[in-house]
Each structure stands twice: as C-alpha cells, then as structure tokens.
Amino acid sequence: MNVKNSFIKLRDKLKKYNKEYYNSNPSIDDSMYDDLKKRYEYLLSNNPELKDFDNLGIGASPSSKFKKFSHYEPMLSLSNSFSLSDSVDFFDKASNFLKQKNSNYAFNVDCKIDGVSLSLIYKNNKLFKAITRGDGIVGEEITENVLGIKGIPNILNNCKSDLIEIRGEVFFLRNDFEKLNKQFEKKNQFSNPRNAASGSLRQINSEIARNRPLRFIPHGYGKFSFENEFLNFEEFLNFCKKNDFDQTNYAKKFNNLTDIYNYISDIEKKRSSINFDIDGMVIKISDLDLQRMLGSTNKFPRWAIAAKFSSEEALTQVKKIELQIGRTGAITPVARLKAINIGGVIVSNATLHNFDEIVRKDIRINDFVWVKRAGDVIPYISRVDIEKRKKSNKKFITPKNCLCGSKIIKIKDEAVQRCSAEKNKCKYQKLESLKHFVSKRAMNIDGLGEKLIEKFISLNLISRKLDIYKLENHKNQIIKLEGFGEKSYFNLIESINKSKITSLSRYLISLGLRYLGENNSELISLHFKNKTRFKNFIQSNKLKEVLENIDGLGEKAISSFVNYFSNKANIEESFKILDIIDIIENKDSKTSLNKSILFTGTLQKMSRDRAKELAKKKGYKIASNVSKNLDILVFGEKSGSKLKKAKDLKINILNEEEFLNLIN
C-alpha cells in the first residue's frame, strides 16, 4: 500500500474514533488513539504532498437532537507532548514563528481534566448560552442542561466585557461518579467518569443533567469584548476566582520547561489522590499578546500544548488483598485498589499473580503502588512507591488454607499454589468451573452469569454442569425469583437450547481442564471429528496411546485429559451431556491443515477471539508463541516483541487485511 492510501486509511480511521470519543462510546483507549495520531502527524510532516488530504477535523458533527450554534472562535484541540524534548521542540517552533531566538516565555501549567469541553457565553454579565465543542466550528446548544452545575455562575459580578466566552471542562468527582454508578444495574453502568459526564450533559430531558452532581472548571477563553479584561493567564485565573468559577488549585507559573516537567512528574505521582480524572497537564504561554501573535493552525494553538501522562501506568493505593480461586484450584491473590483511570478505563483490581510475587515486590495493604495496563493485558502492580509507605503497613502473610478451609499446596516447579480439595468439594472451584462451562469460549450460554449461577447453587437447582440442561424442570421456582419473570425464564431456556448445537472443540474447552485450552482442544477435536468416535475412545484402554499420536499435543495436556476421564463420575456426566447436545462434525481443511497461526497486537476489524475462530474454521492451529515452527504471524497495532522475533525468524507475516484475504 502506498503512502497516500495508508494516510487516507489512517485519517478515516481517526475520524471514526473522533466521532466515537465525542459521542462517549470509544472503541479504543487513549493510548492507542495517541499512537495512531502520532503516526498520522509523522506521515503528514514527512510527506508534504499529503496536506491536500489532511481534513481530519477536531471533533464530531453536532447532534441533530440539539440546536446548532456557531462558535465565535473555533474550539481547537491541543497538540500533544509525550516528553520534555517534544515540548522544547514545540515552543522552539513558536519562537521561530515569531522570528525570536532564545525567547524567555512565562508559562502557566494546569491540570488537563479528562472531561467534556463546554463553552459558556455571557452577555451583559448574564449566562446567555452553553455550547458543546461539536466539530470545533459548530456546537450544540445545551443551556438548559447546565443550569445548576456546580462551578457555573449564572451572573458575573466582576466583569467589564459586554460579551465574554469562558471555556472549560464538565466532569464528575470520582466519589460522585461512584455514587452515580451505584444507582444503575451493572450492565447499565458508565465505564468511566468522562462517559458519564458526556452522557449526562447531552440528555434531551434537562432534568436528568440537573439532578446529577456535574462540575465545571474553566481552562480558557474565547471571545471577550473588553480588551484589557485580563492580560495574561494568571489574571484570567484571578478573574475566574472573583466570579465564583471553581479552579483545580494546581495551576502554577514557571519560566522554563525543565522546572515545568519536574512539576508535571510530581503531579503524576499525586494523580490518584486528586479527586477528578486528569490525563496530563496543559502548558500555556501566559502572555495574551504573545498568544494573539502566535495564533493557531487549523487544528491547534501555537501557544499551548498538552503534556500527556503515561496512559498505561498510574499511582494508586492498595485497599486490601483478596484471594481468587480458579476452576482448577489455582489461587491468585488480587489487589483491591482505590479506583484510578488508566488509558480511559477505570481500574480497581490488579492481579498479584502468586504469593511469591507479593514477597518479591514487598506489596503491603495501604501501600501506594504503580499499576500498569497495556493493551488488553490485565492490570498488574509494577512497583511499590516506598517513599509513601507508612510504618503501620504490615507485610502480607501468606495464608495456609483456601477460602473453603482446605489446605493450600504447592506443586513442584509451579509458582502458583492450589487448593488441595477436589473440584466438587471446594465451592469456589465449583462456581468457577460452572462459570467457565457457560462462557463464550465454551458452551456460550448467554444470560447465565455469575450471580445467577450462585443463586441457582444456593437453591440447589445446580450442583454440576449437567444440571444446567435440567433447569427447564424448575420453571415455577425460577420465575418467582427477584428480577425474573416468564420472559427472562424463556430467554434463559432459549439460550441453553441454542448451546446444544456446538463443536467438539467448544465442548472440550467447557470441561475446564488444565493444559486443555483452545489450541489443544482443537487438535483433539480434529482427530476425533464427531461425538461417536469421541465417546468410543474415552472409554478405551488405548486412549493415552491415541492422544500421544496427535501431533502437537503435549504430555501435560494428555495427562490432564486421561486423568479426568479415568473418573467414572466425569465419564457419566460427560456421556449424559453429549447425549443432550449435537456436535457439528469437524471437517479438515485441505489447504491449511497442520499449519499454525499466531495473532499479536490489536486488530481493527474484529477481536482476536473472532480472528482465531475464523482461522480455526479453515483448519489452522492457533499457536501461543513465536518459534521456528510457526507458519504465520498476523499482526495488528502495538504488536511489540512477537513481531520483531517473527521477522528475525523469517516467518510469513500478514497484516489484518492480508489475513482476511487469506481465509476468504
């Protein structure tokens, strides 16, 4: 693909993400968006001929639900900086634009609140209109929705301008957001405070917005009629204070960028203790005359830049450490955290992997810790901030017993410790096993979630997998449950009945055996093909021998499989379930059989699970790592080390488009 086509494709992708962001339903996190935007700017700066195709815009078209209003001056976005050198380069360009060398600017630095941009227009000191950003040129009038928002005065008592435009962010304090979310069922809760603010602010029914604890803090200005209302940004902040606008109280004046970045580093460390979400700091040249002289490009001002925090890491506090027991008895310690926004996602839990990891990193309850979240990886604690530790923070004591009361054991050569009880005797293992059985990758029974399974267990309606297919017999009891009714009952039964038509691979995954993931389940299903052959062999004395002849199936997976089916109760239950369900016969693909494929990075047109499913239907084996035996690597955004290793090994590498062409 040539540079022009790549650029246009990237532009259109960013337009789509812009629209999603400004309508509060982003499909990618901030860090991924920033990476794409940097790529866009890089292509643009290194290929002047692409300027004719640069019409990315700065927001999204205003909704038809509201009246449109043209901004007096465009509401631009900010250029992003990810390092001190980025900012030095940006302000050097400002000096070159002014044809000044070694300019000694006075800067103002303040928090970049992760909220929703709003313009407030005052005429004759009274609030006249409230306008959303929209596409930066035309916004939506939502005046009725902002009346009563804390931090928005209806009247200005200290203002000489007949017309003045105050711009800022509408947002929720973190504790207010948590209270708001508790009012909704889990499936209807907001994913983060920014989405909640946007969704609240743009309601057709203004009463909804007024009844939610929204707040507003100014960060700038548009048009104002009295030229000397304020001459620099510090005077603007003083003007806001006199007129009862709220402030972050983190704004500071500096004369050099090195000191600014030391301050930004300090604020990033305090980020978790600030009661509203911020994703960086804004650095502005303070003098308004200089701002006017510098002006703006068609995208952003030349006198201000957003210094972004690392969106994949944030500092927060460990509130407690709890145990999670998996379906195979594996015990994973989990840190319950003071909620923090990392890359647009609210994180309140982080895996601690195993007890040895807690000791190695010396993680204690009430410690302040740095939490990382990269791409689709589960959040984890990277390190402890020892300077913030109090003497009262005691070391974590490794428990000797599982939550069910059974002893915790450690198997040789394994880091993970396990519950010693059998699956059916540990209620936590049993619950996880049933959750796994109904999950999307297994039998895919939609609507049968954790809480409902727990409820059915407590009512003795379910004690093993087979019981799920007998829930039809308990209609009268189920429809009387709180939140249930005939419609909910029939939806659940319909979902259970749909799961009866499945593949042998899905059924094998649903067993939840150790070392029997998607890849090994697929290998076994390709060999047995249908349930008749499968049932015959699992009773056979030659089962282990047959499994050992399956290319690619490891010793541990074979042992796990044979041990499970050496138990008469497991065979009995399996046969009864297999008699209920219909297995779609697995037919080999002549072109791709025995070829392995691996996916890395973030795909744009589908999830990785969907891509794997498509590949498996064509007969590919799904690999788990890069080795010389790998046939194909499919890469997406942020692919990292796997892509580099595949290149070094000269493995066939495909992008998403090429993969789709291959399987089609």
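Whatever comes next refers back to the structure up there.
Throughout, residues of each chain are indexed from 1 in the direction in which the sequence is written. Only residues with pLDDT of 70 or above have their local features reported here, since the model is predicted, and side-chain atom pairs are shown and tallied only from 80 upward, although totals for entire chains, interfaces and linings are computed over all residues. Values shown for side chains rest on all heavy atoms present in the structure; no hydrogens or waters enter the calculation.

Enquirer: Explain unusual backbone geometry residue by residue, including any values.
Expert: Its identity as a non-glycine residue notwithstanding, Asn460 has a phi of 60°, on the positive side. Along the chain, Asn460 turns up in the loop between helix H13 (450-458) and helix H14 (475-478). For Tyr515, which is not glycine, the phi dihedral falls at a positive 65°. Every helix listed is a DSSP run of H or I at least four residues long, and every strand listed is a run of E at least two residues long, numbered separately from the N terminus. On the secondary structure map, Tyr515 appears in the loop between helix H16 (504-510) and helix H17 (518-528). The cut-offs for exposure are 20% and 50% of the maximum accessible area for each residue type, with area from a 1.4 Å probe on protein chains only; residues under the lower value are buried, those over the upper are exposed, and the others partly exposed. Residue classification places Tyr515 among the partly exposed residues on the basis of a relative accessible area of 36%.

Enquirer: Describe a positive patch on the surface, and please don't skip the residues or the numbers.
Expert: The patches described consist of residues with a relative accessible area above 30% and no salt bridge, like charges being joined within 9 Å and nonpolar side chains (Val, Leu, Ile, Met, Phe, Trp, Tyr) within 5 Å. Per-residue and other accessible areas follow the Shrake-Rupley method at a 1.4 Å probe size, with only the shown protein chains counted as cover for residues. When a carboxyl oxygen of Asp or Glu is within 4 Å of a side-chain nitrogen of Lys or Arg, the pair counts as a salt bridge. The convention is simple: Lys and Arg are positive, Asp and Glu are negative, and His and the chain ends are not counted. By convention, the point assigned to a charge is CZ for Arg, NZ for Lys, CD for Glu and CG for Asp. Judged by side-chain charge, Lys179, Lys182, Lys319 and Lys338 come together as a positively charged surface patch. One can find Lys182 in the loop between helix H5 (174-181) and helix H6 (193-201). For Lys182, a relative accessible area of 70% gives the class exposed.

Enquirer: Kindly report on the sheet that holds strand S8 (residues 215-224), identifying the contributing residues and their values.
Expert: Strand order in this open sheet of four strands is S5-S4-S7-S8, and the pairing throughout is antiparallel. Looking at the sheet topology across the chains shown, the edges are occupied by strand S5 (126-132) and S8. Direction aside, the axes of adjacent strands within the sheet are offset by 30° on average. Judged from the six bridges that link them, strand S4 (residues 116-123) and S5 form a sheet pairing that is antiparallel. Strands are treated as partners if at least two bridges between them are detected by DSSP. To obtain an axis, a line is fitted to C-alpha atoms, over the contacting stretch when the element is a helix, and the angle between two such axes runs from 0 to 180 degrees between their N-to-C directions.

Enquirer: Summarise the nonpolar core; cite the residues concerned and give the values.
Expert: For this analysis, a nonpolar core means a set of buried residues of the types Ala, Val, Leu, Ile, Met, Phe, Trp, Tyr and Cys, connected via side-chain atoms within 4.5 Å. Counting residues in each nonpolar core, the largest one holds 49 residues, and the members touching the most others are Phe456, Tyr507, Phe534 and Phe561. The biggest single contributor to this core is helix H20 (residues 555-565), with five residues. In this analysis, two residues are considered to be in contact whenever any of their non-hydrogen atoms come within 4.5 Å of each other. If sequence neighbours within four positions are ignored, Phe456 has contacts with Leu448, Leu461, Ile462, Leu471, Ile478, Leu481 and Leu492.

Enquirer: Got a sec to walk through the pairing of strand S12 (residues 313-325)? Specific residues and values, please.
Expert: The side chains of a regular strand alternate, residue by residue, between the two faces of the sheet. Here S12 runs beside strand S15 (residues 368-372); their pairing, made up of five bridges, is antiparallel. Counted as the bridge partner of Thr316 is Val369 from S15. As paired strands, S12 and strand S13 (residues 330-342) are joined by seven bridges and run antiparallel to one another. Looking at S13, one finds that Val318 is bridged to Leu337. Between the antiparallel neighbours S12 and S13 lie four residues, among them Gly329 with a positive phi of about 90°.

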